[in-house]
There are 2 protein chains.
Amino acid sequence: MKKNEIDQLKLNFQQYLKDKGLACTSQRDAIIEHLVKETSHFNADTFVHSLQKKHLPVSRATVYRTLQHLEDAGIIREVAINTSQAYYEFTGRTTHHEHLVCENCGTIIEFVDDQLEERIEQIARLHHLSITRHTVQISGYCRSCHEKQ
Amino acid sequence: MKKNEIDQLKLNFQQYLKDKGLACTSQRDAIIEHLVKETSHFNADTFVHSLQKKHLPVSRATVYRTLQHLEDAGIIREVAINTSQAYYEFTGRTTHHEHLVCENCGTIIEFVDDQLEERIEQIARLHHLSITRHTVQISGYCRSCHEKQ
DNA sequence: TTGTGTGCAAAACATTTGCACACAT
DNA sequence: ATGTGTGCAAATGTTTTGCACACAA
């Protein structure tokens, strides 16, 4: 991600905070700064750990609270990879996509498929649902895990 | 669901238990018996409550443990409707289907779409994933909730 | 009888919240 | 200065687990 894109993203979030009458704090800054350097998928726990590793002291509670704001702002979204923990992904980096998850090694492969997307919209229309979001997750064994068995 | 189908389902589960060297207890019997009379979607908590309402005394711990067995046996499956609680649905009743969920009233509409299913299988093949399962969830506002706003 | 299941209460997790103090506006 | 944010620890909600007793094989 280019520097000007990062800056743009930070501005977006700052604008969101301002619009909502929320403050722009050093912790929120550290979180959004850190976000773009993270892997594409993370949960609250891995996020807290990676912040601590970089000596950015942000409490767990603040991470949870800020993750909520980032989701509201549309900068991250929750994806149903794991049911016991909330998984997030950064949406700023790419266009909308879906996931293939290997049940053995946990690898996540992202994909984009126009035909699939279009069919989903058709289905929503057919059932008179005013669609706001959707998720597709395909689970199985990736090539190398499949060969090992 | 017809009586002989219910009996068949119970036999399936009993066979599964036997194969695994597990015991067939009155609690497990009560749970599977109750399952077919439940609404199509439920979670551990609603399940415990509805058992208690029918004066079937099964502890919460046993419900959790048995739900796990039922999932292993393929009689129920976990669906990612709600992230903070595990949601299950009974698979014996219908063929494979996906979900439309109203974000406002929580209504769940099930649908089957061959075109969508086929595309998902193609995508898995394309990425060399040996597919074991998949979920599609479309969220938005149902017709009546959309009109109210 | 021998092993597995059950219920209870406690533990384990993930997440949220109340409160006193700190900081952004 | 005023209101919002933060960190801490405690509370919450869901699910899992250790243990003593009960039941199925």
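What counts as what
- Residues numbered from 1 in each chain as written.
- Chains lettered and ligands numbered in written order.
- Predicted model: local features only at pLDDT ≥ 70, side-chain atom pairs only at ≥ 80, totals over all residues.
- Heavy atoms only, no water.
- Near = heavy atom within 4 Å.
- Polar contact = N/O pair within 3.5 Å; in protein donor to acceptor, adjacent residues only side chain to side chain.
- Helix = DSSP H or I, 4+ residues; strand = E, 2+ residues; numbered from the N terminus.
- Nonpolar A, V, L, I, M, F, W, Y, C, P; charged D, E, K, R; others polar.
- Axes fitted to C-alpha atoms, helices over the stretch in contact; angles between N-to-C directions.
- Left-handed = near helix turned anticlockwise from the far one by under 90°.
- Contact = heavy atoms within 4.5 Å.
- Domains from an automatic or database assignment.
- Buried area = accessible area lost by both parts, 1.4 Å probe.
- Salt bridge = Lys/Arg side-chain N within 4 Å of Asp/Glu carboxyl O.
- Phe/Tyr/Trp six-rings, centres within 6.5 Å; stacked < 30°, edge-to-face > 60°.
- Buried < 20%, exposed > 50% of the residue type's maximum accessible area, 1.4 Å probe, protein only.

### Examining the protein's contact with DNA strand D
Then step 1. The full set close to DNA strand D counts 21 residues, and Thr25, Ser59 and Thr62 of chain A together with Tyr64 and Ala86 of chain B are the nearest of them.
Then step 2. For DNA strand D, the fraction of protein-proximal atoms (within 4 Å) that sit in sugar or phosphate groups is 76%.
Then step 3. In the model, a phosphate oxygen of DNA strand D is placed 2.8 Å from a nitrogen or oxygen of the Thr25 of chain A side chain.
Then step 4. At the level of secondary structure, the elements contributing two or more residues to the surface near DNA strand D comprise helix H2 (26-35) and helix H4 (60-72) of chain A together with helix H4 (60-72) of chain B.
Then step 5. When residues of the surface near DNA strand D are assigned to their parent elements, the largest contribution, 4 residues, is made by H4 of chain B.
Then step 6. Considered class by class, the residues forming the surface near DNA strand D number 10 nonpolar, 7 polar and 4 charged.

### With respect to the packing of helix H1 (residues 3-19) of chain A against H2 of chain A
All names here are of chain A.
Then step 1. Between H1 and H2, the shortest axis-to-axis distance is 10 Å and the interhelical angle comes to 145°. Along this stretch, H1 crosses H2, giving a crossing that reads as right-handed. Touching Leu9, Lys10, Phe13, Gln14 and Leu17 of H1 are Arg28, Asp29, Ile32 and Glu33, all from H2.
Then step 2. Grouping the amino acids of the contact of H1 with H2 by side-chain chemistry returns 4 nonpolar, 1 polar and 4 charged.

### Looking at the protein's contact with DNA strand C
Then step 1. Taken together, 21 residues lie around DNA strand C, and Tyr64 of chain A together with Thr25, Gln27, Ser59 and Thr62 of chain B are the ones closest in.
Then step 2. When atoms of DNA strand C within 4 Å of the protein are split into backbone and base, the sugar-phosphate part holds 76%.
Then step 3. At 2.9 Å, a backbone N or O of Ala86 of chain A approaches a phosphate oxygen of DNA strand C.
Then step 4. A distance of 2.9 Å separates a phosphate oxygen of DNA strand C from a polar side-chain atom of Arg28 of chain B.
Then step 5. Looking at the surface near DNA strand C, the elements with two or more residues in it are H4 of chain A together with helix H2 (26-35) and H4 of chain B.
Then step 6. With 4 residues, H4 of chain A is the largest single contributor of residues to the surface near DNA strand C.
Then step 7. Tallied by class, residues from the surface near DNA strand C come to 10 nonpolar, 7 polar and 4 charged.

### A short note on the domain arrangement of chain A
Residue and element names in this part refer to chain A.
Then step 1. Along its sequence, chain A is carved into domain 1 (3-90) and domain 2 (98-148).
Then step 2. Inter-centroid distance (C-alpha atoms) of domain 1 to domain 2 is 24 Å.
Then step 3. With 7 residues of domain 1 in contact, the opposing surface of domain 2 contributes 7 residues.
Then step 4. Across the domain 1/domain 2 interface, buried area totals approximately 580 Å², and carbon plus sulfur atoms make up 52% of it.
Then step 5. On the surface where domain 1 and domain 2 come into contact, there are 0 salt bridges.
Then step 6. Our enumeration of links across domain 1 and domain 2 arrives at 2 residue pairs in polar contact (both at pLDDT 80 or more).

### Quick look at the packing of aromatic side chains
All names here are of chain B.
Then step 1. A complete count under the given rule lists 6 aromatic pairs over all chains for this structure.
Then step 2. Between Phe13 and Tyr16, the aromatic rings sit 6.4 Å apart at their centres with planes inclined by 10°, giving stacked as the arrangement. With Phe13 and Tyr16 both in helix H1 (residues 3-19) and 3 residues apart, this pair spans about one turn of that helix. In terms of burial, Phe13 and Tyr16 fall into one category: buried.

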